[in-house]
Amino acid sequence: MSSATALEQAAATTERRRRNYARHYMWFVVPAAVAVLGTILFPWVFTLYVSAFDWRLGSPREFVGFANYTKLFTDERFGFALLRTLYYTALSVVFPLILGLAAALIFNQKFPLRGLARTIFILPMMATPVAVALVWTMMFHPQLGVLNWLLQQVGIPPSMWVYHADSVIPTLVLVEVWHWTPLVMLLLLGGLAALPIDPYEAAKIDGATPLQVFRYITLPLLAPYLVVALIIRTIDALKAFDTIYVITQGGPGSASETINIYLYLQAFAFYNMGYASAVVVVFFALILTLAALLMWTRERVKP
Amino acid sequence: MKRLLSRIGFALSVLLLISPAILIFLWMLSLSLKNELDNTAFPPVFIPSPPTLDNYAEVFARNDFLLYAWNSVIVSFSATFIALLLGVPAGYGIAKMRATRLAGLILIARITPGLSYLIPLFLMFQWLGLTGTLAPIIITHLVITLPIVVWVMISFFEGLPGELEEAALVDGATIWQAFRHVAMPLARPGITVACILSFIFSWNNFIFAVVLAGRETRTLPVAVNNMLTFEQISWGPLSAAALLVTAPVLLLTLLAQKQIVAGLTAGGVKGA
């Protein structure tokens, strides 16, 4: 056998092997895929199925077709929950984005102890939401809370915080902003680090003011990252549950009852499994639509 | 002069940025170190004088706190371990096959609200007779930990040069050997990131355990929340317990902030 054909053969084998390998990599994914099917995909399908039944836990279920969905459309409490969710989400997206951008611009500068300051800044995002929510609850106490004392010191009349229907959602948003501004900051900081240097040097030569540089260079270049942060923040704000549940449980009355809280009550306080499943389906459709819409925006913003 | 002023302004804005984080945690610490009289005083008492550890003693005196802490440890470690076992090879496979659609499926898991898994899983666990054990909580925590691990590992394996594994393959190694002995050791930093993040988000998770846990199987966040419901104004022990719950996570963040930042910016991952 000549050495040339041996080499050719070896090359062919490697090539064949590589192609086979691509298929063999399937087996790396299969165990995880099974777990995902069991814990993520199965619930989706099953929820869809259950949503076609009138099913209170403990009593026999009855097939009702789309009745749960038509009921949803006339359910005033669901409608208000939807509006509250959108209100809560809008506030919980706008403020973290603005504050996160400001923070990212500051942390993008070099200054002593920057690493330490950044670590402290991201602590809220890693802290256990329930634990922190309990401390906020104490701080919101209208008579004994430290926040009203602080307001008093700067001459602002005390607030009822989470104990009044008008102030409860903005107050809960405050907690959400405290928790998740760091994530926005990190995403944008990553974006700032990836920006090209050339436009900045050109602007320096042209004598642009810092504000002009920000408005005409940084902001447009950062736009894709801002959209990513916007998407993530929107989804997370829509899903918010822990802090609202711990601090108000939807109260006072139902003034902070978002879809997630309503869903929880329907499913695990009233055990209306069929109806709650319909809420899940509509809620999930809403999240998917918003996410798709934002993804579409992202495609258009891409440079 | 002007430079000095702008420097002071800058320092102040940094201080302003980090003060909300510092103040909340300090207030938490302060509440946990004061007696009930000082905690409900108005104007508030800021510095505990003298600081007391009574609140912590009270928390530990309830023997169920240790039980719940143990539950949390078991749940978070198991959920993280299983997620690594399944997720690291999966991340590798997806990266190698460039299966973006599979990766997209993982993203959808990130979008889905945690509550929406709970109705079917709750029914299923009841049906299987698993309620009252830790198994349902561990399994549901996979919903959080598995996507985190897979997502972090995909981006990590994609960043590794493929030449070393290819050399191993040409030398006759099987793909499993190439993964196990070449790719995985190289990916150790990525595995660390995935491990830390999935542990933290599993530890912090509330929604799954609040629905699925029985008296004996509560995790710490659920147990601490229950303390609020039963002891309206007993702020000292409550703060002490809250601080104990979140302290491991805060400590981990301080120790591994580099890895955490790297992992979070990779995919904007966050628990359900």
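Counting restarts for each chain: residues are numbered from 1 in the order of the written sequence. Key to labels: chains lettered from A, ligands numbered from 1, both in the order written. With the structure being a predicted model, the display of local features is reserved for residues of pLDDT at least 70 and the display and counting of side-chain atom pairs for 80 or more, all residues being used for whole-chain, interface and lining totals.

A. Examining the overall build of chain A more closely. The helix count covers DSSP runs of H or I at least four residues long, the strand count covers runs of E at least two residues long, and both are numbered beginning at the N terminus. Helix and strand counts for chain A come out as 13 helices and two strands. All radius of gyration figures rest on C-alpha atoms, and the globule criterion is 2.2 Å times the number of residues raised to 0.38. Compactness check: chain A gives a C-alpha radius of gyration of 26 Å against a globular reference of 19 Å for 303 residues, more than 25% above the reference. Principal-axis analysis of the C-alpha atoms gives chain A an extent of 90 × 70 × 35 Å. Three exposure classes are used, based on other C-beta atoms lying within 10 Å of a residue's own C-beta, which is placed from the backbone: buried for 20 or more, exposed for 12 or fewer, and partly exposed in between. Counting all 303 residues of chain A, 42% fall into the buried class. In chain A, once contacts between residues fewer than 6 apart in sequence are set aside, the share between residues at least 24 apart is 72%. The contact criterion used is a C-beta to C-beta distance within 7 Å, with each C-beta placed from the backbone.

B. Spatial organisation of the overall build of chain B. Helix and strand counts for chain B come out as 14 helices and zero strands. Seen through its C-alpha atoms, chain B measures out along the principal axes to roughly 75 × 70 × 30 Å. Out of the 272 residues in chain B, the part that is buried amounts to 50%. A sequence separation of at least 24 residues applies to 79% of the contacts in chain B between residues at least 6 apart.

C. Seen up close, helix α6 (residues 129-139) of chain A. Counted residue by residue, α6(A) has eleven buried out of eleven residues, so it is predominantly covered. Residues of α6(A) that are buried: A:Pro129, A:Val130, A:Ala131, A:Val132, A:Ala133, A:Leu134, A:Val135, A:Trp136, A:Thr137, A:Met138 and A:Met139.

D. Focus on the interface of chain A and chain B. Contact with chain A, which involves 73 residues of that partner, is made by 72 residues of chain B. The greatest single-element share of the side of chain A that touches chain B, amounting to 14 residues, is contributed by helix α2 (residues 26-50) of chain A. All residues other than Ala, Val, Leu, Ile, Met, Phe, Trp, Tyr, Cys, Pro, Asp, Glu, Lys and Arg, Gly among them, are scored as polar; the first ten of these are nonpolar and the last four charged. A class-by-class count of the residues in the side of chain A that touches chain B yields 58 nonpolar, eleven polar and four charged.

E. Geometry of the packing of helix α8 (residues 168-193) of chain A against helix α10 (residues 210-239) of chain A. Residues and elements named next belong to chain A. Under this scheme, a helix contributes an axis fitted over its contacting stretch, all axes are lines through C-alpha atoms, and angles between N-to-C directions fall in the 0 to 180 degree range. Where α8 meets α10, the axes come as close as 9 Å, and the angle between the chain directions of the two elements is 155 degrees. Taken together, the axes of α8 and α10 are roughly antiparallel relative to one another. Note on packing geometry: the crossing formed by α8 with α10 is right-handed. Contacts between α8 and α10 pair Glu176, Trp180, Val184, Leu187, Leu188, Gly191 and Leu192 from the former with Leu222, Tyr225, Leu226, Val228, Ala229, Arg233, Asp236 and Ala237 from the latter. Per-class residue counts for the contact of α8 with α10 are eleven nonpolar, one polar and three charged. The scheme is simple: roughly parallel for angles under 35 degrees, roughly antiparallel for over 145, roughly perpendicular for 65 to 115, oblique for anything else. Put simply, a crossing is left-handed when the front helix is turned counterclockwise from the back one by less than a right angle, and right-handed when it is turned clockwise.

F. A look at unusual backbone geometry. Residue and element names in this part refer to chain A. In this model, Leu113 sits at a positive phi of 65 degrees, which is unusual for a non-glycine residue. Among the structural elements, Leu113 can be located in the loop between α4 (76-107) and α5 (114-126). A positive phi angle is found at Gln249, which is not glycine, with a value near 50 degrees. Here Gln249 is to be found in the loop between α11 (242-247) and α12 (259-268).

G. Just the nonpolar core, in detail. Only buried residues count toward a nonpolar core: Ala, Val, Leu, Ile, Met, Phe, Trp, Tyr and Cys, linked into one set through C-beta atoms within 7 Å. In this structure, A:Leu134, A:Leu188, A:Leu263, A:Val279, B:Met153 and B:Ala242 are the most contacted members of the largest nonpolar core, which totals 171 residues. Ignoring anything within four residues of it in the chain, the contact list for B:Ala242 reads A:Ala131, A:Leu134, A:Val135, B:Met28 and B:Val224.

H. Broad picture of the environment of A:Thr248. By secondary structure assignment, the location of A:Thr248 is in the loop between α11 and α12. What A:Thr248 contacts, discounting residues up to four positions off in sequence, is A:Val162, A:Val168, A:Leu172 and A:Ser256.

I. Fine view of helix α9 (residues 175-186) of chain B. Residue and element names in this part refer to chain B. Taking 1.5 Å as the rise per residue, α9 with twelve residues should run 16 Å; its terminal C-alpha atoms sit 15 Å apart, in good agreement. The set of residues buried in α9 consists of Ile175, Ala178, Phe179 and Ala183. Angular distribution of buried residues about the axis of α9 spans 95 degrees; they occupy a single face of the element. For α9, the exposed residues lying more than 90 degrees away from the buried face are Trp176, His181 and Pro185. Expected helix span is taken as 1.5 Å per residue step, with the number of steps being one fewer than the number of residues. Picture the helix axis, draw a direction to every C-beta atom, and the arc is the one those directions span.

J. Here's a closer look at the packing of helix α13 (residues 273-301) of chain A against helix α6 (residues 115-128) of chain B. Two elements in contact, α13(A) and α6(B), have axes separated by 9 Å at closest approach and are oriented at 145 degrees. The interaxial crossing formed by α13(A) with α6(B) has left-handed handedness. Contacts between α13(A) and α6(B) involve A:Met273, A:Ala276, A:Ser277, A:Val280, A:Phe283 and A:Phe284 on the former and, on the latter, B:Ser116, B:Ile119 and B:Leu123.

K. Fine view of the confidence of the model for chain B. For chain B, the average pLDDT comes to 86, and 95% of its residues sit at 70 or higher. Taken together, the chains of this predicted complex give a pTM of 0.88 and an interface ipTM of 0.88. The predictor attaches a confidence to each residue, called pLDDT, with possible values from 0 through 100.

L. Just the environment of A:Leu134, in detail. Relative to the helices and strands, A:Leu134 is located in helix α6. Here the alpha-carbon distance between A:Leu134 and A:Val246, two residues 112 residues apart in the chain, equals 7.2 Å. Ignoring sequence-local partners within four residues, the contact set of A:Leu134 consists of A:Val246, B:Val224, B:Leu228, B:Leu238 and B:Ala242.

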